[in-house]
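# Coordinate inspection notes
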Amino acid sequence: AWGCYIEGNGSWDFAALQPGDYFIKARPNTIDFADEYVPDSLTQEGAQRFSVGAGDTVDVVIELDRSAMIDVTVNGPDGNPVDYAEVIAYPSFAPYSARIDYPWCWIATEEPGRRVIGCLHPAFDYKLLASGGWSDLDNEFYQDTVSPSAAQVIDVIEGGTVGPFV
């Protein structure tokens, strides 16, 4: 269900919501804050369930965390930056196959091969995967491994940037 923003005070109204159980996911329209299920979860399994009856009003206050960022440069086998590589950050607790299900965003840079990955929730740590994109690179995790279980875990900080990782 989508809510209706009440202009000026940061509130949302879900007046047409049918009675039932719901989860709330906050998706700020900015790179400054991280997406999350309430409270502080990347997954619905870790989220609070809200039960709403007919005519009920449930007040919820959401305190978003400042997003974290990872600065990474992708180099090819020759040691030179690779412009068209794709880099994905995914939570270290997540299975490799689920890596695209978690929020993240790229922040544009002018430097060859450099990516800044933002919109990361600071309560979790991440693994980085570089893939070929338009280059001829194979999928490889940070620190030259192809094994998700051997990939190095990167701790992030709220409102800050870690790296650069090469």
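Rules and cut-offs
Residues numbered from 1 in each chain as written. Predicted model: local features only at pLDDT ≥ 70, side-chain atom pairs only at ≥ 80, totals over all residues. Heavy atoms only, no water. Helix = DSSP H or I, 4+ residues; strand = E, 2+ residues; numbered from the N terminus. Buried < 20%, exposed > 50% of the residue type's maximum accessible area, 1.4 Å probe, protein only. Contact = heavy atoms within 4.5 Å. Areas by Shrake-Rupley, 256 points an atom, 1.4 Å probe, with all protein chains shown as cover. Polar contact = N/O pair within 3.5 Å; in protein donor to acceptor, adjacent residues only side chain to side chain. Pairing = 2+ DSSP bridges. Axes fitted to C-alpha atoms, helices over the stretch in contact; angles between N-to-C directions. Phe/Tyr/Trp six-rings, centres within 6.5 Å; stacked < 30°, edge-to-face > 60°. Salt bridge = Lys/Arg side-chain N within 4 Å of Asp/Glu carboxyl O. pLDDT = per-residue confidence, 0-100.

## Some words on the overall build of the protein chain
Tallying secondary structure elements over the protein chain gives 0 helices and 14 strands in all. Element order for the protein chain, N to C, with α for helix and β for strand: β-β-β-β-β-β-β-β-β-β-β-β-β-β. Taking all 166 residues of the protein chain together, the buried fraction comes to 37%. In the protein chain, of all internal contacts separated by at least 6 residues, the share reaching a separation of at least 24 is 64%. Of the roughly 10,100 Å² of accessible surface on the protein chain, 48% is carried by carbon and sulfur atoms.

## Details of the side chain of aspartate 71
Within the secondary structure, aspartate 71 sits in strand E7 (residues 68-73). Separated by 2.7 Å, the side chains of aspartate 71 and arginine 114 make a polar contact. Look past the residues within four positions of aspartate 71 in its chain and what remains in contact with it is Arg114, Arg115, Val116, Thr161, Val162, Gly163, Pro164 and Phe165.

## Structural notes on the sheet that holds strand E14 (residues 161-165)
Spatially, E9-E10-E7-E14 is the arrangement adopted by the 4 strands of the open sheet, whose pairing is mixed. The open sheet has two edge strands, strand E9 (105-107) and E14, and neither has a second partner. Averaged over all neighbouring strand pairs, the angle between strand axes comes to 25°, with direction disregarded.

## Some thoughts on the packing of aromatic side chains
Taken as a whole and judged by the stated rule, the model has 3 aromatic pairs. A centroid spacing of 5.5 Å and a plane angle of 55° characterise the contact between phenylalanine 93 and phenylalanine 124, whose relative ring orientation is tilted. Of this pair, phenylalanine 93 sits in the loop between strand E8 (86-91) and E9 while phenylalanine 124 sits in the loop between strand E10 (114-120) and strand E11 (125-131), and the two are 31 residues apart along the sequence.

## Here we look at the environment of leucine 64
Locating leucine 64 in the fold gives a position in the loop between strand E6 (50-52) and E7. In this structure the C-alpha to C-alpha distance between leucine 64 and aspartate 40, which are 24 residues apart in sequence, comes to 7.9 Å. Setting aside chain neighbours within four positions, we find leucine 64 in contact with Ala26, Pro28, Phe33, Ala34 and Glu36.

## A few points about the pattern of salt bridges
Summed over all chains, the structure comprises 3 salt bridges. Among the ionic pairs, glutamate 111 bridges to arginine 114, the shortest N-O distance being 3.0 Å. According to the relative accessible area criterion, arginine 114 is partly exposed, its value standing at 21%.

## Overview of the environment of alanine 94
Mapping alanine 94 onto the fold places it in the loop between E8 and E9. As a C-alpha pair, alanine 94 and threonine 43 span 51 residues in sequence and 9.9 Å in three-dimensional space.

## Details of the pairing of E8
Most of E8 sits inside the fold, with 5 of its 6 residues counted as buried. With 6 bridges joining them, E8 and E11 adopt antiparallel strand pairing. Residue pairing in the sheet places isoleucine 88 in a bridge with leucine 129 of E11.

## With respect to the confidence of the model for the protein chain
Summarising the model, the protein chain shows a mean pLDDT of 81, and 86% of its residues fall at 70 or more. Mean pLDDT values for the elements of the protein chain range from 58 in strand E1 (residues 4-6) up to 93 in strand E13 (residues 154-155).

## Notes on unusual backbone geometry
In this structure, proline 39 follows valine 38 across a cis peptide bond, with omega equal to -5°. If you trace the backbone, proline 39 turns up in the loop between strand E5 (36-37) and E6. The residue aspartate 40 is not glycine, and still its phi comes out positive at about 50°. Tracing the sequence through the fold places aspartate 40 in the loop between E5 and E6. One non-glycine residue, cysteine 119, lies in the positive phi region at around 65°. Of note, cysteine 119 is situated in strand E10.

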